Amino acid sequence: MEHGEANITIVDEEGNEQLCEVLFTFDAEQFGKSYVLYYPLGAEEDEDDQIEIHASSFVPGEDGAEGELKPIETDEEWDMIEEMLNTFLAEDEEDDEDEDEE
């Protein structure tokens, strides 16, 4: 995976590949890591119009090699990711409202 890619391929525990769309990426200085939030392409919304969003830390590859996704390991990281996601979604909703007014 490289920063700026729109789609990534995730391999699950059973070895199945799943194409996912990247929602956004960000760097967190307090953890010294990069993170990516993504969801499966073609994911169905549940009855609350929600799509399950996944998050992983991201280790960039060297010399153009593909990077590696790692699991989130601490509650502090999850709290920070949730905060970033909520901010992202709030900004996204504001953008939608701005478009409706034009």
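A brief look at the structure comes next.

## Concerning the layout of surface pockets
Over the atoms, a rolled probe matching the size of one water molecule traces out where space is still vacant.
And step 1. Here the largest pocket is characterised by a volume of approximately 510 Å³.
And step 2. Surrounding the largest pocket, 21 residues form its lining, Thr-9, Ile-10, Val-11, Tyr-38 and Leu-69 being those nearest its centre.
And step 3. Residue assignment for the lining of the largest pocket shows that the elements contributing at least two residues are strand S1 (7-11), strand S2 (17-28), strand S4 (54-59) and strand S5 (68-70).
And step 4. The residue inventory of the lining of the largest pocket, partitioned by class, reads 9 nonpolar, 6 polar and 6 charged.
And step 5. If you add up the space inside the second largest pocket, you get close to 300 Å³.

## Focus on the pairing of strand S3 (residues 33-40)
And step 1. Counting buried residues in S3 gives 7 out of 8 residues, a clear majority hidden from the surface.
And step 2. Connecting S2 to the next strand, S3, in antiparallel fashion are 4 residues, including Gly-32 with a positive phi near 65°.
And step 3. Both S3 and S4 contribute to a ladder of 5 bridges, which runs antiparallel. Note on S4: the bridge partner recorded for Tyr-38 is His-54.

## Here's the deal with the sheet that holds S3
And step 1. Pairing in this open sheet of 5 strands is antiparallel, and the strands run S1-S2-S3-S4-S5 from one edge to the other. On the outer flanks of this sheet lie S1 and S5, each paired with one strand and no other. Taken pair by pair, the neighbouring strands of this sheet meet at an average axis angle of 50°, ignoring direction.

## Details of the environment of Ala-28
And step 1. Looking at the element boundaries, Ala-28 is found in strand S2.
And step 2. Along the primary structure Ala-28 and Ser-57 are separated by 29 residues, whereas in three dimensions their C-alpha atoms are 9.9 Å apart.
And step 3. Those residues in contact with Ala-28 that sit more than four places away from it in its chain are Lys-33, Tyr-35 and Met-80.

## Some remarks on the nonpolar core
And step 1. One finds Phe-24, Phe-26, Ala-28, Tyr-35, Leu-37, Ala-55, Ile-72, Met-80, Ile-81 and Leu-85 forming the largest nonpolar core, which totals 10 residues.
And step 2. If you list the elements that add at least two residues to this core, you get S2, S3 and helix H1 (75-101).
And step 3. Look past the residues within four positions of Tyr-35 in its chain and what remains in contact with it is Phe-24, Thr-25, Phe-26, Ala-28, Ser-56, Ser-57, Phe-58, Ile-72, Glu-77, Met-80 and Ile-81.
And step 4. Counting 6 residues, the second-largest nonpolar core is a separate cluster that includes Ile-8, Cys-20, Val-22 and Val-36.

Cut-offs and rules
Residues numbered from 1 in each chain as written. Predicted model: local features only at pLDDT ≥ 70, side-chain atom pairs only at ≥ 80, totals over all residues. Heavy atoms only, no water. 1 Å grid on protein atoms, 1.4 Å probe; cavity = no way out; pocket = protein on both sides within 12 Å on 5 of 7 lines; lining within 4 Å. Points joined across faces, edges and corners; volume = space filled by probe spheres on them. Helix = DSSP H or I, 4+ residues; strand = E, 2+ residues; numbered from the N terminus. Nonpolar A, V, L, I, M, F, W, Y, C, P; charged D, E, K, R; others polar. Buried < 20%, exposed > 50% of the residue type's maximum accessible area, 1.4 Å probe, protein only. Pairing = 2+ DSSP bridges. Axes fitted to C-alpha atoms, helices over the stretch in contact; angles between N-to-C directions. Contact = heavy atoms within 4.5 Å. Core = buried A, V, L, I, M, F, W, Y, C linked by side-chain atoms within 4.5 Å.

Everything listed is a geometric property; what it means functionally is a separate question.
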